[in-house]
Amino acid sequence: MSTLFQQLINGLVLGSVYALIALGYTMVYGILGLINFAHGELAMIGALIALTTIAALSGFALPVPLVVAAGLLAAISVCMVLGYAIERIAYRPLRNAPRLAPLITAIGVSIVLQNVAMLIWGRQYLSFPSILPQGWHALFGARITDIQIAMLATAFVLMFALDALVRRTQLGRAMRATSQSPQLAGLMGIHADRVISLTFIIGSGLAAIGGFMVSAYYGLAHYYMGFLLGLKAFSAAVLGGIGQLRGAMLGGLLLGVIESLGAGYIGILTHGFLGSNYQDVFAFFVLIVVLIVRPSGLLGVQTIDRA
Amino acid sequence: MTINKWCQQGLYASALIGLLGLGACSQPDSGSASVIKLGSVSPLTGPQAHLGKDNENGAQLAVDEINMAGLTLAGRRYHLQLLAEDDQADPKTATTVAQQLVDDGVVGVIGHLNSGATIPAAKVYFDAGIPQISPSATAIAYTHLGFNTAFRVMSNDAQQGSALAHYATDVLHAQRIAIIDDRTAYGQGLADEFARVAAADGAKVVAREYTTDKATDFLSILTSIKATSPQLVFFGGMDPQAGPLARQMRQLGLTGQLMGGDGMQTGQFIHLAGDAAEGVIASTPGVPLSAMPQGQAFKTRFMARYGDVQNYAPYAYDAVYVLVDAMKRANSADPQRYLALLPKTDYAGVTGRIRFDAHGDLAQGAVTVYQVKSGVWQVLKTIQ
């Protein structure tokens, strides 16, 4: 029982990070119909910036929350600027091009970011300074650490805040209008380009926070980490129904829990035929089954004109 | 011939083209010495790039030293050139890169780093009749494919896995053992050999879990393992996984002794595992750099150019010298001629005395067991 509970905690924490990053994919897709494949790399850049800042500051005997806040702030601001720049340079000029063109530039941007990160930070795995509290609490026989609690709380606060932003504010209404039709939104006095830029900026900020959390949690960061992270978050967005904010949140959490339970129990379920190395296979298998039954994802809406 | 023609055209053509043409022709030292091309293959990108670069640096250091000293075979002066290729630790890329090196006309190869990449590439080199010495592939299968071109200057997993298993059962008295491997030829081979010998020594394998060589999250499998309360957790894999694995064991309160092979017996592991590295036991085939016959001198020369030795650089360095040693004895850089003399190698290298058995494995493979104490790897025992 305590093992099951521990697996659920592991899965929820991992899933909350997937969800944060999935939000960026889903927001951009919702508005532009574009899959921003460079999004995972933004999480990677965020992680590396935060790590570097924190490592640089940790020599000065400053209070830990201040150092963490500085690292996070640096990561968020760099990623926001980068997200804005990527949209301006790689996607906006192709706004009216065939849909495959921005997809290709997205992959291009992703490769460029990876290589730039490799040049700046090198190929080594970087270790996250161990300044975060290592405390833990017992919960129904399982362990939950302070870091895990902080990650869950941050992720949920951010998800609710974003949901409120999109559903209840002027900017959110503009975003929803732009996602339905940028041209028509323009006629209603909405500056579509500005809304799209803001979407990228918000998504990039969330990616930075997600990247920071992953690297602090696992204690390492690496120029290549964005690829798998992005792939998982993208899958989470698809699982929940890409374009749907709440879908991305649900998809992320579900994917995390499925992965965790899959790795923990796949051996028992298949009587040792499949081992825990099939945890990703298990997660993607669930994804495929969901997509066969509900092609537009769990919370997705059937649309006629968009594939 | 073609190159000369290009150069002439270059001189007569516009200044820019002329410069390019000259640039292409003025290879260093190509004046009188012929060029011998050697290949070095290891992952230069991806998670193991730091280990891959280390191998390349080790080989490059040897090549530069040999060039500095001058290499003369059958009265002709030769210049060694190292072609460093990236196999991304990927078996498919490994064969492509191997073929590329063969096409480029290399006469010997130092590599690859990973057993999973070394094994498929071995066939390519065998078909081309080019000797291959891996500085770090430890999977048993590599030298047991029946290829007379495959050698290694590193103890294999049978030697390492059984040394570790004996240490776990005899010295640490571990009775309940959990085993994790990363499903690569290296990790799996080492873990299987460890499991076999540990079971023969009377220990019980209470959990057998698997991960990949790209994973960072082991909480799920460690949670399963924790339920079986093992006294020792054995990991067959590399340091990018072992570091977070050690941290996550501590996070979950899994108190068993963590143990592993050479893939995690690195400075990078201590760096990545942080406080959780303390007390971890891992082995490395061969003897420690400090106990190698010429280890200190090698370390000084290496550090002056490349910084810290990650792991296998001295072996890559020795591999180059072993190839050149055979060339000298054959008085030829023709792979067909010097390959015949490689099995008769008896070379005193930086890493120790290098002689091969019938398979191309080291005749005397030593394994050294280390433990992290106060943040550094310290030798526990060297097992012959």
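Owing to the predicted nature of the structure, the values given are computational and were not obtained by experimental measurement.

### Focus: the pairing of strand β12 (residues 346–349) of chain B
All names here are of chain B.
At step 1: The side-chain alternation of β12 yields one buried face, formed by Y347 and G349, and one unburied face, formed by D346 and A348.
At step 2: In the sheet, β12 pairs with strand β13 (residues 352–355) via four bridges, with the strands oriented antiparallel. Bridge assignment links G349 to a residue of β13, and that residue is G352.
At step 3: In textbook terms, the turn of a hairpin is the stretch between consecutive antiparallel strands, and for β12 and β13 this stretch comprises two residues.

### Digging into the interface of chain A and chain B
At step 1: Between chain A and chain B, the contact holds 30 residues from the first and 33 residues from the second.
At step 2: Taking both partners together, chain A and chain B bury about 2700 Å²; carbon and sulfur atoms supply 52% of that area.
At step 3: Ranking the residues of chain A by area buried against chain B places R123, Y125 and Y218 of chain A at the top, with a combined share of 25%.
At step 4: Taken together, the links from chain A to chain B amount to zero salt bridges.
At step 5: Linking chain A with chain B are 13 residue pairs in polar contact (both at pLDDT 80 or more), by the criterion used here.
At step 6: Within the residue set of the side of chain A that touches chain B, elements represented by two or more residues are α1 (2–32), β1 (126–127), β3 (142–145), α8 (192–218) and α10 (245–269) of chain A.
At step 7: In terms of residues, the side of chain A that touches chain B owes the most to one element, α1 of chain A, which gives five residues.

### Observations regarding the environment of I268 of chain A
At step 1: With respect to the helices, strands and loops of the structure, I268 of chain A is situated in helix α10.
At step 2: C-alpha separation for the pair I268 of chain A and V289 of chain A, spaced 21 residues apart in sequence, amounts to 21 Å.

### Points about the sheet that holds strand β3 (residues 76–86) of chain B
All names here are of chain B.
At step 1: Strand order in the open sheet formed by six strands is β2-β3-β1-β4-β5-β6, with mixed pairing between adjacent strands. Strands with a single pairing partner mark the edges of an open sheet, and in this sheet they are β2 (71–73) and β6 (150–152). On average, each strand axis in the sheet is inclined to that of its neighbour by 35°, with strand direction left out of account.
At step 2: Pairing geometry for strand β1 (residues 34–42) and β3, over nine bridges, is parallel. Counterpart to L38 in the pairing with β3 is L82.

### Considering the nonpolar core
At step 1: Core analysis: the largest hydrophobic core is formed by 117 residues, its most contacted members being L23 of chain A together with L222, L258 and F269 of chain B.
At step 2: Excluding anything up to four places from it in sequence, L23 of chain A contacts M159, L162, L206, L245, A248 and M249 of chain A.
At step 3: Counting 70 residues, the second-largest nonpolar core is a separate cluster that includes L113, I133, A168 and Y317 of chain B.

### Some remarks on the pattern of salt bridges
At step 1: Evaluated as defined, the whole model comprises 19 salt bridges over all chains.
At step 2: With a closest N to O distance of 3.3 Å, D163 of chain A and R167 of chain A form a salt bridge. In this pair, D163 of chain A and R167 of chain A are both assigned in helix α5 (residues 146–168), four residues apart and thus about one turn of the helix distant.
At step 3: Using a relative accessible area of 10% as the deciding quantity, one classes D163 of chain A as buried.
At step 4: By relative accessible area, R167 of chain A is classed as partly exposed at 43%.
At step 5: For R353 of chain B, the salt bridge goes to D346 of chain B, with nearest N and O atoms at 2.9 Å.
At step 6: The exposure class of R353 of chain B is partly exposed, given its relative accessible area of 49%.

### Some remarks on the side chain of T223 of chain B
At step 1: Mapped onto the secondary structure, T223 of chain B falls in helix α8 (residues 219–226).
At step 2: In this structure T223 of chain B comes out as buried when scored by relative accessible area, which is 4%.
At step 3: At 3.0 Å, the side chain of T223 of chain B forms a polar contact with the side chain of N10 of chain A.
At step 4: A polar contact is formed between the side chain of T223 of chain B and the backbone oxygen of L219 of chain B, at a distance of 2.6 Å.

### Here we look at the domain arrangement of chain B
Residues and elements named next belong to chain B.
At step 1: With domains assigned, chain B is organised as domain 1 (3–155 + 288–351) and domain 2 (157–285 + 367–383).
At step 2: Between the C-alpha centres of domain 1 and domain 2 there is a distance of 32 Å.
At step 3: Each partner contributes to the roughly 1500 Å² buried at the junction of domain 1 and domain 2, and carbon and sulfur atoms together form 56% of this total.
At step 4: It is T138, S155 and P288 that lose the most area in domain 1 upon contact with domain 2, and together they represent 31% of the buried surface on that side.
At step 5: At the surface where domain 1 touches domain 2, the tally comes to zero salt bridges.
At step 6: Elements represented by at least two residues in the side of domain 1 that touches domain 2 include exactly α3 (49–69) and α5 (115–128).

### A few points about the packing of α1 of chain A against helix α6 (residues 170–180) of chain A
Residues and elements named next belong to chain A.
At step 1: Running from N to C, α1 and α6 point in directions that differ by 55°, and their axes come no closer than 6 Å. What the angle tells us is that α1 and α6 run oblique. On α6, the residues that touch M27, G30 and I31 of α1 are M175, T178 and S179.
At step 2: Classifying every residue of the contact of α1 with α6 by side-chain character gives three nonpolar, three polar and no charged.

### Structural notes on a nonpolar patch on the surface
All names here are of chain A.
At step 1: Residues F285, I288, V289, I292 and V293 make up a contiguous nonpolar surface patch of roughly 520 Å² in combined accessible area.
At step 2: Structurally, the position occupied by F285 is in helix α11 (residues 279–293).
At step 3: A relative accessible area of 52% places F285 in the exposed class.

### Quick notes on the packing of α1 of chain A against α5 of chain A
Residues and elements named next belong to chain A.
At step 1: It is the contact of α1 with α5, at a shortest axis distance of 9 Å, that shows an interaxial angle of 30°. Judged by the angle between their axes, α1 and α5 are roughly parallel. The element α1 and its partner α5 pack so that their crossing is left-handed. Residues I9, N10, L12, V13, S16, V17, A19, L20, L23 and M27 of α1 lie in contact with α5, whose contacting residues are Q148, M151, L152, A155, L158, M159 and L162.
At step 2: Residue composition of the contact of α1 with α5, by class: 14 nonpolar, three polar and no charged.

Conventions adopted
Residues numbered from 1 in each chain as written. Chains lettered and ligands numbered in written order. Predicted model: local features only at pLDDT ≥ 70, side-chain atom pairs only at ≥ 80, totals over all residues. Heavy atoms only, no water. Buried < 20%, exposed > 50% of the residue type's maximum accessible area, 1.4 Å probe, protein only. Helix = DSSP H or I, 4+ residues; strand = E, 2+ residues; numbered from the N terminus. Pairing = 2+ DSSP bridges. Contact = heavy atoms within 4.5 Å. Buried area = accessible area lost by both parts, 1.4 Å probe. Salt bridge = Lys/Arg side-chain N within 4 Å of Asp/Glu carboxyl O. Polar contact = N/O pair within 3.5 Å; in protein donor to acceptor, adjacent residues only side chain to side chain. Axes fitted to C-alpha atoms, helices over the stretch in contact; angles between N-to-C directions. Core = buried A, V, L, I, M, F, W, Y, C linked by side-chain atoms within 4.5 Å. Domains from an automatic or database assignment. Parallel < 35°, antiparallel > 145°, perpendicular 65-115°, else oblique. Nonpolar A, V, L, I, M, F, W, Y, C, P; charged D, E, K, R; others polar. Patch = residues over 30% accessible without salt bridge, like charges linked within 9 Å, V, L, I, M, F, W, Y side chains within 5 Å. Areas by Shrake-Rupley, 256 points an atom, 1.4 Å probe, with all protein chains shown as cover. Left-handed = near helix turned anticlockwise from the far one by under 90°.

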